[in-house]
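# Structure assessment
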Amino acid sequence: MRIDILTLFPEMFSAMQESILGRAQKAGKIEINVVNIRDYTEDKHLKCDDYPFGGGAGMVMMPQPIGSAIEAVDPNHEARRIYMSPKGSTFCQQKVFELVEYPRLLLLCGHYEGVDQRVIDLFIDEEISIGDYVLTGGELPAMVVADAVSRYVDGVISTSSLIDESFSQNLLEYPQYTRPQEYKGLSVPDVLRSGDHAKVDAWRREQALRITQEKRPDLLKK
């Protein structure tokens, strides 16, 4: 899978070269291409934003630099083009499963007061929000989407690690334990040390149901 990320602040994405995503890129499982929108502006001062028509606070990202960047990176519209926006549909695990089916994604990061509406009308396939709150820009949401989707690309994470995690069956994940056996007076549950896989599976299922009922009962209704 290839993920193109269009941003005014490419340095923010250095974190995506670390850990699992970094190894996956080195192994050729995914390709994350961070594009600096300023490289495509026709303004000699590299300006990419201006005051909004009609007045109001803040600045709006201009259509020309963004449009030129999209046309250069994805000239034949092969990618699913997504604008990270608080006005978009809320990102969820089902959306992850939908997006991983695309061979290419293009994530546009807005900033300031957002992007000129004509960019959305002309170039964008859908808008996605990661929650009902506003951030300073779309860079962090783009990282969230890229990370969540990349995990399901073949070869990035072992298949067994994806089976029982949170939201895989509309349940939150059961508690996890590792060494030492006792820590500050708290011990690992005996069933996890019993060697009886059937009992372990039953305990984990029971715990997943309990935790989901306590923290996210809405998931059980699904």
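Located above this text is the structure these notes cover.
Reference entry: report on the structure contained in this document. (Residues numbered from 1 in each chain as written. Predicted model: local features only at pLDDT ≥ 70, side-chain atom pairs only at ≥ 80, totals over all residues. Heavy atoms only, no water.)

### Details of the packing of aromatic side chains
- Under the counting rule described, the total for this entry stands at 1 aromatic pair.
- Ring plane angle 90 degrees and centroid distance 5.2 Å describe the contact between F97 and Y152, whose orientation is recorded as edge-to-face. Note that F97 is positioned in helix α3 (residues 93-99) and Y152 in the loop between α5 (139-150) and α6 (159-163), a separation of 55 residues in sequence.
- A relative accessible area of 32% means that F97 is categorised as partly exposed.
- Residue classification places Y152 among the buried residues on the basis of a relative accessible area of 18%. (Phe/Tyr/Trp six-rings, centres within 6.5 Å; stacked < 30°, edge-to-face > 60°. Helix = DSSP H or I, 4+ residues; strand = E, 2+ residues; numbered from the N terminus. Buried < 20%, exposed > 50% of the residue type's maximum accessible area, 1.4 Å probe, protein only.)

### Comments concerning the pairing of strand β1 (residues 2-7)
- Of all 6 residues making up β1, 5 are buried, and the element is well covered by its neighbours.
- Of the strand pairs in this sheet, β1 and strand β2 (residues 31-36) are connected by 6 bridges, and their pairing is parallel. Across the sheet, the residue bridging to L6 is V35, located in β2.
- For the crossover that starts at β1, traverses helix α1 (residues 19-26) and ends in the parallel β2, the hand is right-handed.
- Bridge count for β1 against strand β6 (residues 104-109) is 5 bridges, and the pairing is parallel. Along β6, the bridge assignment pairs L6 with L108. (Pairing = 2+ DSSP bridges. Right-handed = clockwise from strand over helix to strand, strands pointing away.)

### Quick word on unusual backbone geometry
- The linkage connecting R179 with the following residue, P180, adopts the cis geometry, with an omega of 5 degrees.
- Phi at Y112 is positive, roughly 60 degrees, even though this residue is not glycine.
- A residue is classified by how much of its surface remains accessible, and Y112, at 37% relative accessible area, is partly exposed.
- Unusually for a residue other than glycine, N170 sits at a positive phi of about 60 degrees.
- Of note, N170 is situated in the loop between α6 and β8 (182-183).

### A closer look at the pattern of salt bridges
- In the structure shown here, the tally under the stated rule is 13 salt bridges.
- One salt bridge in this structure joins R104 and D74, with 3.8 Å as the shortest N-O distance. Of this pair, R104 sits in strand β6 while D74 sits in the loop between α2 (63-73) and β5 (80-90); the two residues are 30 residues apart in sequence, bridging distant segments of the chain.
- Using a relative accessible area of 12% as the deciding quantity, one classes R104 as buried.
- The class of D74 is buried, set by a relative accessible area of 0%.
- Notably, a salt bridge pairs R118 with D116, separated by 2.7 Å at the nearest N-O pair.
- One connected set of salt bridges, linked through shared partners, spans R2, D4, D74, E78, R81 and R104. (Salt bridge = Lys/Arg side-chain N within 4 Å of Asp/Glu carboxyl O.)

### Focus on the side chain of S129
- You can see S129 is positioned in strand β7 (residues 126-129).
- With near-sequence residues (within four places) excluded, S129 lies in contact with S85, P86, G88, S89, T90 and F91. (Contact = heavy atoms within 4.5 Å.)

### Here we look at the sheet that holds β5
- Sheet architecture is open: 5 strands sit in the order β2-β1-β6-β5-β7, paired in parallel fashion. The open sheet has two edge strands, β2 and β7, and neither has a second partner. Neighbour-to-neighbour, the strand axes of the sheet open up by a mean angle of 35 degrees, direction not taken into account.
- Where α2 meets the sheet, its contacts fall on β1, β2, β5 and β6, and the angle it forms with β1 comes to roughly 160 degrees. (Axes fitted to C-alpha atoms, helices over the stretch in contact; angles between N-to-C directions.)

### Some remarks on the side chain of D49
- Inspection of the secondary structure puts D49 in strand β3 (residues 49-50).
- Buried and without a salt bridge, D49 has R38 as its closest oppositely charged side chain, separated by 5.8 Å.
- The residues contacting D49, other than those within four sequence positions of it, are M59, V60, M61, M62 and Y112. (Lys, Arg positive; Asp, Glu negative; His and termini not counted.)

### What about helix α7 (residues 197-215)?
- With 19 residues, α7 extends 27 Å from end C-alpha to end C-alpha; this agrees with the ideal 27 Å at 1.5 Å per step.
- Buried within α7 we find V200, W203, Q207, A208, I211 and T212. Angularly, the buried residues of α7 cover 160 degrees about the axis, an arc narrow enough to put them on a single face. α7 presents A198, K199 and E206 as exposed residues on the side facing more than 90 degrees away from its buried surface.
- On its buried face, α7 is in contact with α8 (217-220).
- A distance of 3.2 Å separates the backbone nitrogen of A198 from a side-chain oxygen at the start of α7, and that oxygen is part of D196. (Expected span 1.5 Å × (residues − 1). Arc of directions from axis to C-beta. Polar contact = N/O pair within 3.5 Å; in protein donor to acceptor, adjacent residues only side chain to side chain.)

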